[in-house]
Amino acid sequence: MKILTTIFCFHLILSLACCGNPKASDKEASCSLKEALGDRFHIGAALNINQIRGYDTASLKIVQDQFSSIVAENCMKSMYLQPEEGRFFFDDADKFVAFGEQNDMLIIGHTLIWHSQAPSWFFTDDRGNDISPEILKERMKNHIYTVVGRYKGRIHGWDVVNEAILDNGEWRKSKFYEILGEEFIPLAFQYAHEADPDAELYYNDYNEWIGEKRDAIVDLVKTLKEKGLRVDGVGMQGHIGVNNPSTDEYRSAIDAYAAAGVKVMITEFDMSVLPSPRRDFGANIADTEQFRAEMNPYPDVLPDSVAMRWHEKMVAYFTLFLDQSDKISRVTMWGVTDRDSWKNDFPMRGRTDYPLLFDRKYQPKPIVRDIMDAAATRESTPGK
Ligand code: 9MR
């Protein structure tokens, strides 16, 4: 612990010294992530319901000080926005958008069409049978028009379709796919564009560094473009582990998406330190495991050696993002502090993970200063 505490104190002194005071180099050091990364890419955070409703003021202060973009972790998913057909609930989403506007942030909508967290009525009739393709199209159109239309001109970009492709590159056999086939994807992009022609539109997925999946996503982007549809970016969620994937695997995927003619966004970044049941364990929330104590090795404190490994890997990733900033328009963290991360409960409930930039006491980890310093010392390749 001593080593890390020493590093942290050193970083803290640096942080205190940086605000407005020129560093040894002639460049002025930044006081926040958003300031340091401002000419490279947006730095974002996902907001949970306690933040959106204004209860967690300590986290909100971090968001206001450090981040330039926000996305809602849950409250804009279809099961919350339209729990029953035709009955929309916008209270939380309205608060989320208002917070972003008040703080002059880039606001991202997550997510319009996703097999998970979709209400069951979306796919069934009164008797519980699957609806026809025509009715599903109508329901998709109505949902997208109502949601995107409500925030027209206020939401910068939408995760239009989420997680439609499996790790082996095949289509996920979701209800959308079963009823409409792969056509549901271009339709979703078409409806979203009709509802707000100025909004950016993204395809978003996890494990997007796996070769077969990467190639399938590239094909999808090309197909959408060939159909003349608007697609602005690929969202690489980036729920990764401290041991894998390698930054090289990530770099290849970033290059492949950029070569397909779209922006790349790291949309849900976090890095777990906990053992993973499989190398390719992604973010499919159906893939859960029974809690086992040996899979929760750091319930009280993270050993220095592990914290250092996490730190070094995080440095490597942010260095990659800075190097690739001509292709990357945004890096969004999936949460603010470790205490709120979904990784504490996935794929096993009740573990203690350490995947984010701020710790359980709302303090910046040493990585925050290192990211700012890396941004200050690397050549600028603006890509926004
Ligand atoms: O972080 C979200 C968690 O609170 C929810 O319980 C979960 C339910 O599906 O969704 C999590 O967010 C997911 C995101 O919307 C899409 N990519 C994977 C994320 C982690 O599962």
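For the structure, check the block above.
Now for a quick tour of the structure. (Residues numbered from 1 in each chain as written. Predicted model: local features only at pLDDT ≥ 70, side-chain atom pairs only at ≥ 80, totals over all residues. Heavy atoms only, no water.)

### Observations regarding the overall build of the protein
To keep it simple, the criterion reads: In this description a helix means any DSSP run of H or I spanning at least four residues, a strand means any run of E spanning at least two, and both kinds are numbered starting from the N terminus. Here the globule rule is a power law, 2.2 Å times the number of residues to the power 0.38, and the radius of gyration is based on C-alpha atoms. Buried, partly exposed and exposed residues are distinguished by accessible area as a fraction of the type maximum, computed with a 1.4 Å probe on protein chains only: under 20%, between the cut-offs, and over 50%, respectively. Any two residues whose heavy atoms approach within 4.5 Å at even a single point are treated as in contact. Computed with a 1.4 Å probe, the accessible areas rest on the Shrake-Rupley method; for each residue, only the protein chains presented here act as cover. Charge convention: Lys and Arg are scored as positive, Asp and Glu as negative, and His as well as the terminal groups of each chain are ignored. The location of each charge is read from NZ of Lys, CZ of Arg, CG of Asp or CD of Glu.
Helix and strand content of the protein: 13 helices and 9 strands. For 384 residues, the compact-globule formula gives about 21 Å, and the C-alpha radius of gyration of the protein, at 21 Å, lands near that figure. Every one of the 384 residues in the protein was classed for burial, and the buried ones make up 55%. Taking the contacts inside the protein whose residues are at least 6 apart along the sequence as the reference set, 78% of them involve residues at least 24 apart. Of the roughly 16100 Å² of accessible surface on the protein, 50% is carried by carbon and sulfur atoms. Placing the 45 positive and 59 negative side-chain charges of the protein at their respective mean positions leaves the two points 2 Å apart.

### Quick word on helix H10 (residues 211-226)
To be explicit about the condition: Given a helix with a known number of residues, its expected span is that number minus one, times 1.5 Å.
Taking 1.5 Å as the rise per residue, H10 with 16 residues should run 22 Å; its terminal C-alpha atoms sit 22 Å apart, in good agreement. For H10, the full list of buried residues reads Lys213, Arg214, Ala216, Ile217, Val218, Leu220, Val221 and Leu224. If you follow the buried residues of H10, they end up packed against helix H9 (184-195), strand E5 (200-205), strand E6 (233-236) and helix H11 (247-259). Backbone geometry just downstream of H10 places glycine 228 in the positive-phi region, at approximately 80°.

### A word on the side chain of asparagine 162
Short version of the rule: Think of a polar contact as two N or O atoms within 3.5 Å of one another; within protein, one of them needs to be a possible hydrogen donor and the other a possible acceptor, and neighboring residues in sequence only count if both atoms come from side chains.
With respect to the helices and strands, asparagine 162 occurs in strand E4 (residues 157-162). A polar contact of 2.9 Å, which involves the side chain of asparagine 162, links it to the side chain of asparagine 204. Those residues in contact with asparagine 162 that sit more than four places away from it in its chain are His110, Thr111, Ile113, Trp114, His115, Asn204, Asp205 and Gln237.

### Looking at the site of the ligand
Operational definition: Summary of the distance rule: residues count as near a molecule or strand when at least one heavy atom falls within 4 Å of that molecule or strand.
Taken together, 16 residues surround the ligand, and among them Glu73, Lys77, His110, Glu163 and Glu268 come closest. Contacts to the ligand include tryptophan 334, whose side-chain N or O atom sits 2.9 Å from an oxygen atom. Protein contacts shield 85% of the accessible area of the ligand, which totals 450 Å² for the unbound molecule.

### Focus on the environment of threonine 57
By the element assignment, threonine 57 lies in helix H4 (residues 57-66). Residue threonine 57 is classed as exposed on the basis of its relative accessible area, which comes to 56%. For the pair threonine 57 and lysine 34, spaced 23 residues apart in sequence, the C-alpha separation works out to 19 Å.

### What about the environment of arginine 309?
Here arginine 309 shows up in helix H12 (residues 304-323). Take arginine 309: its relative accessible area is 39%, and that puts it in the partly exposed class. Separated by 213 residues in sequence, arginine 309 and phenylalanine 96 place their C-alpha atoms 35 Å apart. Once residues within four sequence positions are removed from consideration, arginine 309 is found in contact with Val242 and Asn243.

### Comments concerning the nonpolar core
Definition in use: To define a nonpolar core, start from buried Ala, Val, Leu, Ile, Met, Phe, Trp, Tyr and Cys residues and group those joined through side-chain atoms within 4.5 Å.
Counting residues in hydrophobic clusters, the biggest one holds 108 residues, and the most contacted among them are Met140, Trp158 and Phe321. It is H12 that contributes the most residues to this core, 9 residues altogether. Those residues within four positions of phenylalanine 321 in sequence are excluded, and the remaining contacts are Phe41, Tyr250, Ile266, Phe269, Ile328 and Val331.

### So, the packing of aromatic side chains
For any two aromatic rings, the description comes down to two numbers: the centre-to-centre distance and the angle of the planes. The condition that has to hold: Note on ring pairs: Phe, Tyr and Trp rings are taken, using the six-membered ring of Trp, and paired if centres are within 6.5 Å. Classes follow the plane angle, with under 30 degrees stacked, over 60 edge-to-face and the rest tilted. Each ring is checked for a lysine NZ or an arginine CZ that lies within 6 Å of its centre and within 35 degrees of its normal; such an atom marks a charge sitting over the ring.
Overall, the coordinates contain 17 aromatic pairs when judged by the stated rule. Residues phenylalanine 123 and phenylalanine 176 carry aromatic rings whose centres are separated by 4.9 Å and whose planes lie at 80° to one another, so their mutual orientation is edge-to-face. Of this pair, phenylalanine 123 sits in the loop between strand E3 (106-114) and helix H7 (133-150) while phenylalanine 176 is found in helix H8 (residues 175-180), placing the two residues 53 residues apart along the sequence. We classify phenylalanine 176 as buried; its relative accessible area is 2%. Taken together, a centroid distance of 6.4 Å and an interplanar angle of 80° make the contact between tyrosine 145 and tyrosine 191 edge-to-face. Note that tyrosine 145 is positioned in helix H7 and tyrosine 191 in helix H9, a separation of 46 residues in sequence. Using a relative accessible area of 5% as the deciding quantity, one classes tyrosine 191 as buried. Through successive ring pairs, a cluster of aromatic residues spans Trp121, Phe122, Phe123, Phe176 and Phe184. Directly above the ring of tyrosine 177 sits lysine 173, whose terminal nitrogen or CZ lies 5.5 Å from the centroid.

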